[in-house]
Amino acid sequence: MSTQPAAIPIERAEGLKIPRHIGVIMDGNGRWAKQRGLSRSDGHRAGVEAVRRIVKLAIDYQVECLTLFSFSAENWRRPPDEIKFIFGLLRRFVASDLDRLAEQNVKVRIIGVRDGLDSGLLGIIEEVERRTASNDGLDLLIAFNYGAKVEIARAARAIARKVALGELAPDAIDEALIEKHLDTFGVPDPDLILRTSGEMRLSNFLLWQSAYAELVFIDENWPDFDEAVFVKALKVYSLRDRRFGGVGS
Ligand code: FPP
């Protein structure tokens, strides 16, 4: 049975604009660990706790879609042991949290390239997507082995194939058609992209989709992400004047 999102007390939400879609670049696990004399693995482990917190917050604040950047196409440059550890974390996260996510009415989708992932991980990805497919609460997109340029190139190839087969006229290629071929098809573009740890760049995350996203960079490292940090980011977002190229209200 699905659980409806708990309404948050009005004093916590008052004056805040709630983005429909938040994209998060979870950065700073390594630095968080180093500051404490811990290993990078400890930092990633603490990062998973922050993942649990943001999923709960997104549900409580009635965000429609949350996309978490968990492993980038460029992260393959990390030491093999660290890559293995992050892959294991995703596996364990799904194994331990799947029941709760299903109960919370969360619909999970893993976006990114699946080629090259091992069969165990692929099985887990398929299971979590299948188990939560009919949920209609929070859309949780986990970007894993994801890179926006690869995503756009893949969309271009799929469209080119249809043109080559005569199924599509070149003049029919417009923004909506390209969007249909992106991994994020079916969810609104992110209103807010949040990056932790003070770094100010997009690092190949949702490049097409973030054309009009508000970018908010916060100093805290990802493992320190909690409701206070979330609300602070929402306050910054709420003060932004979103004009989408127009002149505003
Ligand atoms: C960035 O910190 C973090 C990552 C590249 C991995 C993020 C992964 C998780 C939080 C866990 C797995 C996710 C799920 C959904 C279970 P960094 O290592 O780049 O930190 P640094 O820049 O301080 O070194």
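Residues numbered from 1 in each chain as written. Predicted model: local features only at pLDDT ≥ 70, side-chain atom pairs only at ≥ 80, totals over all residues. Heavy atoms only, no water.

Here's the deal with the site of the ligand
What counts here: We define proximity as follows: a residue is near a molecule or strand when any one of its heavy atoms falls within 4 Å of that partner. In protein, a polar contact requires one atom able to donate a hydrogen and another able to accept it; more generally it is a pair of N or O atoms within 3.5 Å, and residues adjacent in sequence count only if both atoms are side-chain atoms. All accessible-area figures derive from a Shrake-Rupley calculation using a 1.4 Å probe, and residue coverage is judged against the displayed protein chains alone. Counting from the N terminus, the helices are the DSSP runs of H or I reaching at least four residues and the strands are the DSSP runs of E reaching at least two.
Around the ligand, the structure places 15 residues, and the nearest of them are Met26, Gly30, Arg31, Arg40 and Arg78. The separation between an oxygen atom of the ligand and a polar main-chain atom of glycine 30 is 3.0 Å. Within the contact set of the ligand, an oxygen atom lies 2.7 Å away from a backbone nitrogen or oxygen of arginine 31. Across the complex, the protein chains shield 92% of the 620 Å² of accessible surface that the ligand would expose by itself. Of all the secondary-structure elements, those providing two or more residues to the shell around the ligand are α2 (29-35), α3 (40-60) and α4 (80-103). Among the elements that make up the shell around the ligand, the one with the highest residue count is α3 (four residues).

Overview of the UniProt feature "binding site: Mg(2+)" (unreviewed entry) in the protein
Filter applied, for reference: UniProt positions are given in the numbering used here, feature names are shortened, and annotations may be inferred rather than shown by experiment. Classification of residues uses two cut-offs on accessible area relative to the type maximum, computed with a 1.4 Å probe and protein chains only: under 20% is buried, over 50% is exposed, and between them is partly exposed. Throughout, a contact is declared for two residues whenever any of their heavy atoms are within 4.5 Å.
The feature "binding site: Mg(2+)" (unreviewed entry), as annotated in UniProt, sits at Asp27 and Glu214 in this numbering. For aspartate 27, the location among the structural elements is in the loop between β1 (21-25) and α2. Classification of aspartate 27 by relative accessible area gives buried; the value is 16%. If we skip the residues at most four places from it in the chain, aspartate 27 touches Arg195, Thr196, Ser197, Glu199, Asn221 and Trp222. Here glutamate 214 shows up in strand β6 (residues 214-217).

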